[in-house]
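Read off the chains here:
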Amino acid sequence: MQVKAPDRTAAEPEAPPPRPSRTAPPRWRSRTAQGLAYAAPTAVFVAVFFLLPLLLVGQMSLSDWPLLAGDRGVNAPENYTDIIDSTLFWPAVRFTLLYTVIVTAVLLALALGLALLVQESRPGAGFFRTVYFLPSALGLASASLLFWGLYSPTTGPLSRILEKLGLVDDPVSFLGTPTSALLSTVFLIVWKFAGFYMLILLVGLQRIPHEVYEAARMDGASRGQIFRSITLPLLRPSLALCLLLCVTGSLLAFDQFFILTKGGPDNSTVTVVQLIYREAFQRMNLGTAAALSIVVLAALLLLNALQFRGLRRADES
């Protein structure tokens, strides 16, 4: 009887895969290099257009630096004490805060109302969304010039329309008093940005599942209860973004007041950023203007940190 020899080729283990060459870089190194390559343009942009100017402003804030004479040496903390002693600083701070509160409240309330109106997909909803959003496509300086012409008591159409309707007897000076100048500027900003914030809130509304609303209606919830218990809580991220943008933009207001009121009447509509402009280009003192810029930047960072902290606590609760 002849025994057949076993097939050794079938029992032999497979050859191990070839090891990578020692000259090839590890995978994590290649990914790190790619990440650095992608981040390098942004890092260079931030360094050149943010960090270096910020360092220069910090140096100016500690130096005697006239606009046309250049650096005359360190004079710290004289520039910061000049801010406190300025007769326009605290009135400008109070007016900027008042303007910020009014604009934020009116703008967010109107934007939320517009977003709720055009939330549902119905005939004409797309048209109204476009109409509401169109003013935000116009530049702020251009919109300010447009409203400056509309508000003019001599050549503007608004005053003439009111006279023809018999509502007023004399031309109306929309920018002639502190209250009317503030309210006229607020109307411009609300007209300009309501559609922009409406779009942000509309995106947030459309991300809320319809099943949540249907379940609430089946439980017998009213529209007010649905709005308070479902819409507002689920819309909190979009509202937080709008609040952050609106507050920051209002605190840095410049174009609208510079074009419409020039800070008048009687310096009643001077904002903090206008005060920086006056110190730098009218009083020719870059040192004090830079110090005021540092103060505004620190206030904005603190305010944004408090906002983020409050929102985080609200989300945790």
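Only a predicted model underlies this, so the values are computations on that prediction, with no experimental measurement involved. The residue count restarts for each chain, going from 1 along the sequence in the order it is written. Only residues with pLDDT of at least 70 get local features here, since the model is predicted, and only at 80 or more are side-chain atom pairs given and counted; chain-wide, interface and lining totals rely on the full set of residues. For the side-chain quantities, the full set of heavy atoms in the structure was used; hydrogens and water were omitted.

A.B. asks: Quick rundown of a nonpolar patch on the surface? Include the residues and the values.
C.D. replies: Like charges within 9 Å and nonpolar side chains (Val, Leu, Ile, Met, Phe, Trp, Tyr) within 5 Å are joined into patches, using only residues over 30% in relative accessible area that form no salt bridge. Here, Shrake-Rupley sampling with a 1.4 Å probe gives the accessible areas, and only protein chains in the shown set may cover a residue. Here a salt bridge means any side-chain nitrogen of Lys or Arg lying within 4 Å of a carboxyl oxygen belonging to Asp or Glu. On the surface, a nonpolar cluster with roughly 960 Å² of combined accessible area is contributed by Val44, Phe45, Val46, Val48, Phe49, Phe50, Leu51, Leu52, Leu54 and Leu55. Inspection of the secondary structure puts Leu52 in helix H2 (residues 27-61). Only protein chains enter the area calculation, which uses a 1.4 Å probe; residues under 20% of their type maximum are buried, those over 50% are exposed, and those in between are partly exposed. On the basis of relative accessible area, Leu52 is assigned to the exposed category, the value being 53%. Strands here are runs of E lasting at least two residues and helices are runs of H or I lasting at least four, both read from the DSSP assignment and numbered beginning at the N terminus.

A.B. asks: Give a description of the nonpolar core that names residues and reports values.
C.D. replies: We call a set of buried Ala, Val, Leu, Ile, Met, Phe, Trp, Tyr and Cys residues a nonpolar core when their side-chain atoms join them within 4.5 Å. Formed by 38 residues in total, the largest nonpolar core has its most connected members in Tyr99, Val103, Leu107, Tyr197 and Leu201. At the level of elements, helix H4 (89-117), helix H6 (140-151), helix H8 (178-206), helix H9 (210-218), helix H10 (223-234), helix H11 (236-251) and helix H12 (255-260) are the ones that each hand at least two residues to this core. Residues in contact with Tyr99, not counting those within four places in the same chain, are Leu182, Thr185, Val186, Ile189, Ser250, Ala253, Gln256 and Phe257. Counting residues in each nonpolar core, the second largest holds 19 residues, with Phe89, Leu275, Ala291 and Leu300 among its members. In this description, contact between two residues means that some pair of their heavy atoms is separated by no more than 4.5 Å.

A.B. asks: Account for the environment of Phe196, with residues named and values stated.
C.D. replies: Structurally, the position occupied by Phe196 is in helix H8. Among the residues examined, Phe196 registers a relative accessible area of 33% and is labelled partly exposed. In contact with Phe196, not counting residues within four places along its chain, are Phe133, Ser136 and Leu245.

A.B. asks: Give me the pattern of salt bridges: which residues, what numbers.
C.D. replies: Enumeration over the complete set of coordinates arrives at one salt bridge. Between Glu279 and Arg283 there is a salt bridge, with its nearest N and O atoms 2.9 Å apart. With relative accessibility at 6%, the residue Glu279 sits in the buried group.

A.B. asks: I'd like to hear about H10, residue by residue, with values.
C.D. replies: Each helix should span, by expectation, one fewer than its residue count multiplied by 1.5 Å. For H10, with 12 residues, the first-to-last C-alpha span of 15 Å sits near the 16 Å given by 1.5 Å per residue. Those residues of H10 that fall on the buried side of the exposure criterion are Ile226, Ile230 and Thr231. Projected down its long axis, H10 carries its buried residues within an arc of 85°, all on one side. Facing away from the buried surface of H10 by more than 90 degrees, the exposed residues are Arg228 and Ser229. In this fold, the buried residues of H10 make contact with H8 and H9. Note: the arc covers the axis-to-C-beta directions of the helix.

A.B. asks: Account for the confidence of the model for the protein, naming residues and giving values.
C.D. replies: This prediction gives the protein a mean pLDDT of 86; 90% of its residues lie at or above 70. The predictor rates its confidence in each residue with pLDDT, a number between 0 and 100. Model confidence for the protein, summarised as mean pLDDT per element, is weakest for helix H1 (residues 8-11) at 50 and strongest for H4 at 94.

A.B. asks: A description of unusual backbone geometry should follow, citing residues and the corresponding values.
C.D. replies: Cis geometry is found at the peptide bond from Ala76 to Pro77, where omega equals 0°. In this structure, Pro77 sits in the loop between H2 and helix H3 (78-85). Cis geometry marks the peptide bond from Gly264 to Pro265, where omega comes out at 0°. Tracing the backbone shows Pro265 in the loop between H12 and helix H13 (272-281). The backbone of Lys262 shows a phi angle near 55°, a positive value even though the residue is not glycine. Mapped onto the elements of the fold, Lys262 is located in the loop between H12 and H13.

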